[in-house]
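Take a look at the letters that make up each chain.
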Amino acid sequence: MDAWRVTPDDLKKYPHFDAFISPEKATVYVTNPGCVSQHPFYPFMHYKQRWTRFAPKGQTGAVKERPIRYAARLDAYIFSYYRHILSNLYEEELRHAKLGDSVLAYRHIPIPGGRSGKSNVHFAADAVRKIQELGDCCAIALDISSFFESLDHATLKQLWSRLLNVERLPEDHFQVFKAITQYSVVDKVEVYERLGHFGEKVSARTGNRVKGYLTSHRKIPTHLCDGKEFREKIAGGGGGRSIIKKNSEPYGIPQGAPLSDLLANLYLIDFDETVAGWLRSAGGAYYRYSDDILALVPGAESTGKQLAERIRELIPKYGDRIQIKKEKSSLFVFRRNGNHQTCELIEGTQGKNGLEYLGFRYNGKRVYVRNATISILRRKVAQAAFRAADSSARRYPDKDSPALKSMFNYQDFIKRFGRVEDFAESRKDYKKWTFWTYATRAVREFGMMGKPILHQLRKHERLIRWRVDKELDEAVIRRERRRVRRPMSSNCDLVGSSATSGTCYDEGAK
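Reference entry: report on the structure contained in this document.

Rules used throughout
- Counting from 1, residues in each chain are numbered in the order their sequence is written.
- Predicted model: local features are reported for residues with pLDDT of at least 70 only, side-chain atom pairs are reported and counted for 80 or more only, and whole-chain, interface and lining totals are derived from all residues.
- Side-chain calculation: all heavy atoms of the structure are included, whereas hydrogens and water are not.
- Strands are runs of DSSP state E lasting at least two residues, helices are runs of H or I lasting at least four, and both sets are numbered from the N terminus onward.
- Contact between two residues is taken to exist if any of their heavy atoms lie within 4.5 Å; hydrogens are not considered.
- To measure how exposed things are, a 1.4 Å probe is used in the Shrake-Rupley method; for residues, cover is taken only from the protein chains shown.
- Only protein chains enter the accessibility calculation, which uses a 1.4 Å probe. A residue is then buried if its area is under 20% of the maximum for its type, exposed if over 50%, and partly exposed in between.
- The sign given to each residue is positive for Lys and Arg and negative for Asp and Glu; His and the chain ends receive no count.
- Salt bridge criterion: a side-chain nitrogen from Lys or Arg within 4 Å of a carboxyl oxygen from Asp or Glu.
- By this definition, two strands are paired if DSSP reports at least two bridges between them.
- Between the first and last residue of a helix there are one fewer steps than residues, each counted as 1.5 Å, and that sum is the expected span.
- When two cysteine sulfur atoms lie within 2.5 Å, the pair is treated as a disulfide.
- Axis geometry follows a simple rule: fit a line to the C-alpha atoms, using only the stretch in contact for helices, then measure angles between N-to-C directions, giving values from 0 to 180 degrees.
- A crossing counts as left-handed when the near helix is turned anticlockwise from the far one by less than a right angle, and as right-handed when that turn is clockwise.
- Gly counts as polar in this scheme, as do all residues outside two lists: the nonpolar Ala, Val, Leu, Ile, Met, Phe, Trp, Tyr, Cys and Pro, and the charged Asp, Glu, Lys and Arg.

**Quick notes on the overall build of the protein chain**
Check the secondary structure of the protein chain and you find 16 helices and 14 strands. The contacts of the protein chain with a sequence gap of at least 6 include a subset with a gap of at least 24, amounting to 68%. Accessible surface, the protein chain as shown: approximately 27000 Å² in total, 48% of it carbon and sulfur.

**Some details on the side chain of R69**
Residue position: R69 is located in strand β2 (residues 63-70). Lacking a salt bridge, the buried R69 has E149 as its closest oppositely charged neighbour, with an N-O distance of 4.8 Å. If near-sequence neighbours (up to four positions away) are discounted, R69 is found in contact with F44, M45, H46, Y183, V185, P254, Q255, G256 and A257.

**Some points on the pairing of strand β3 (residues 137-143)**
Each regular strand carries side chains that alternate between the two faces of the sheet. Summarising burial for β3: seven of the seven residues are buried, a large majority. Of the two faces of β3, the one lined by C137, A139, A141 and D143 and the one lined by C138, I140 and L142 are each fully buried. Pairing of β3 with strand β9 (residues 292-298), which is carried by seven bridges, proceeds in the antiparallel orientation. Within the sheet, the bridge partner assigned to I140 lies in β9 and is A295. Where β3 meets strand β10 (residues 330-337), five bridges bridge the pair, whose relative direction is antiparallel. Opposite C137, over in β10, you have F334 as the bridge partner.

**Here we look at helix α4 (residues 120-134)**
For α4, with 15 residues, the first-to-last C-alpha span of 21 Å sits near the 21 Å given by 1.5 Å per residue. Of all the 15 residues making up α4, 11 are buried; the element is thus mostly covered by neighbouring parts of the structure. For α4, the set of buried residues is N120, V121, H122, F123, A124, A125, A127, V128, K130, I131 and L134. Immediately downstream of α4, the backbone of G135 shows phi near 75°, a positive value.

**Some words on unusual backbone geometry**
If you check the backbone angles, K98 has positive phi at about 60° while not being a glycine. Phi at Y106 takes a positive value of approximately 60°, unusual for a residue other than glycine. Position of Y106 among the secondary structure elements: in the loop between α3 (73-96) and α4.

**Here we look at the state of the cysteines**
Taken as a whole and judged by the stated rule, the model has zero disulfides. C137 carries a free sulfur, and the closest cysteine sulfur to it, the one in C138, is 6.8 Å from it.

**Focus: the environment of A308**
Position of A308 among the secondary structure elements: in helix α11 (residues 301-314). You can call A308 buried: its relative accessible area is 3%. Residues A308 and A139, spaced 169 residues apart in sequence, show a C-alpha to C-alpha distance of 9.6 Å.

**Some remarks on the packing of α3 against helix α6 (residues 171-181)**
Axis separation between α3 and α6 bottoms out at 11 Å; the angle between their running directions is 115°. With respect to the hand of their crossing, α3 and α6 are arranged in left-handed fashion. Contacts between α3 and α6 pair I78, F79, Y82, I85 and L86 from the former with D172, H173, V176, A179 and I180 from the latter. Partitioning the contact of α3 with α6 into residue classes produces eight nonpolar, one polar and one charged.

**Thoughts on the pairing of strand β8 (residues 285-289)**
In terms of burial, β8 is largely enclosed, as five of its five residues are buried. By the alternation rule, side chains of β8 split into A285, Y287 and Y289 and Y286 and R288, which are all buried. Summarising the sheet, β8 and β9 pair through five bridges and their orientation is antiparallel. Along β9, the bridge assignment pairs R288 with I293. Where β8 folds back on β9, the antiparallel hairpin that results is connected by two residues, among which S290 adopts a positive phi of roughly 60°.

**Concerning the pattern of salt bridges**
Applying the stated criterion across every chain yields a total of 26 salt bridges. The shortest N-O distance in the salt bridge between D390 and R394 comes to 2.9 Å. Here the residue D390 and the residue R394 both occupy positions in helix α12 (residues 371-395), the gap between them amounting to four residues, near one helical turn. By relative accessible area, which is 13% here, D390 ends up buried. Here K470 makes a salt bridge to E474, at a shortest N to O gap of 3.0 Å.

Read these as geometric descriptors, not functional statements.
Here it is, written out as structure tokens:
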């Protein structure tokens with residue numbers, strides 16, 4: 001087994017309940033089974049990430065939520081170390097079951113002849129090339145509902161023991177198992193409110209009393225509180241109500257913990273082996289990226305329908321709550337048509353303009369970045385442009401909008417902003433990808449099929465320029481409004497002043 005250690009790059013610097021610990025001390029602690037078997041895990045910090053899904057023009061997209069949970073520093077290092085232990089054993093199981101090219105998420109799969117690993121771009125390109133190779137075939141896209149929240153604890157414990165080749169989990173592994181299944185969470189805003197960083201304040205814009213952060217994000221301490229304060233203010237030891245919520249159900253693990261992704265993969269290893277075997281025998285291919293399943297099989301519509309039903313009937317055998325809803329399933333039939341293929345959606349509502357897979361859409365002729373990905377991008381463009389424009393207007397208070405536009409480095413902004421964690425791997429070699437990087441590499445990987453992505457890229461550049469211009473105009477307007485409302489210095493004329501308060505105001509505020 002490769003040596004494992006906490007490096008300076010691994011250090012967690014976000015605010016949480018435990019104190020900062022050096023890489024050396026963290027490594028010694030988490031690799032000691034005796035320490036881990038007695039380790040008291042803190043609750044996960046929790047908040048919800050909200051966004052609006054893509055919708056056709058004139059319609060409103062559905063609001064989606066994603067629960068984000070992150071562990072305390074030392075807890076996260078422990079989860080990472082046990083992920084490392086189990087990952088090596090899991091990879092051996094995948095090789096034995098011939099699943100190395102089928103289970104795609106959360107793994108390092110080397111690029112042939114290269115030093116880095118495959119990303120979503122490569123996985124999507126592999127699937128499209130397989131569809132083209134099969135010619136007349138069916139593509140079945142399936143989605144497992146609430147995957148992480150549905151994993152049965154007893155089944156997971158059995159698989160964990162099987163991976164270690166033991167009848168009973170060792171004490172340190174059992175302690176980690178309990179922490180990841182019987183986990184606790186606290187709401188981040190509630191924590192900050194209890195500790196005095198969030199609460200009621202006067203809005204600088206309206207003068208009304210509102211709830212918000214009393215401490216700027218940059219000044220919130222990394223070590224939120226000591227043990228005594230945690231017990232009194234968070235756990236309810238001081239007579240108040242505890243804000244800690246525990247998962248008392250016999251199922252579910254927290255998505256976002258450093259170990260959860262591997263456990264989710266491990267959970268379906270027998271399912272993966274069975275379905276991949278069916279497709280291998282039929283001359284097709286099986287791919288699973290976390291809760292997204294893509295099954296490719298040669299044959300007509302009837303073949304695809306039968307296979308989709310077999311898969312849906314099989315999945316509940318791996319847990320009472322594990323299911324693939326028919327309404328979240330799509331069946332496509334591809335047929336040869338000269339140098340291209342035709343693509344027809346037979347069942348389902350997702351993918352009316354082609355098969356959507358891992359951020360891309362294939363219609364039998366060309367590959368596009370899917371609309372939902374563009375929607376995510378546009379939201380990020382708007383947020384980033386607002387921040388950049390507001391910063392520019394504040395930095396140069398005497399310059400008008402045309403002057404600010406002449407100074408703005410559009411090209412640098414286009415290529416620099418917006419990491420693509422929503423649609424690229426989160427491993428270190430992809431953490432710095434921008435949409436620009438993502439799209440240009442997709443064009444290179446898909447070749448002639450990916451030419452439409454170049455058009456999408458040019459539209460992306462025009463969109464950013466338009467949005468930055470709009471935000472710069474509005475930032476200057478906001479700046480001038482603030483200037484009008486701001487009280488003048490104490491030695492101003494008494495024209496327009498309040499005789500009772502002695503405060504002078506600019507005449508323009510009237």
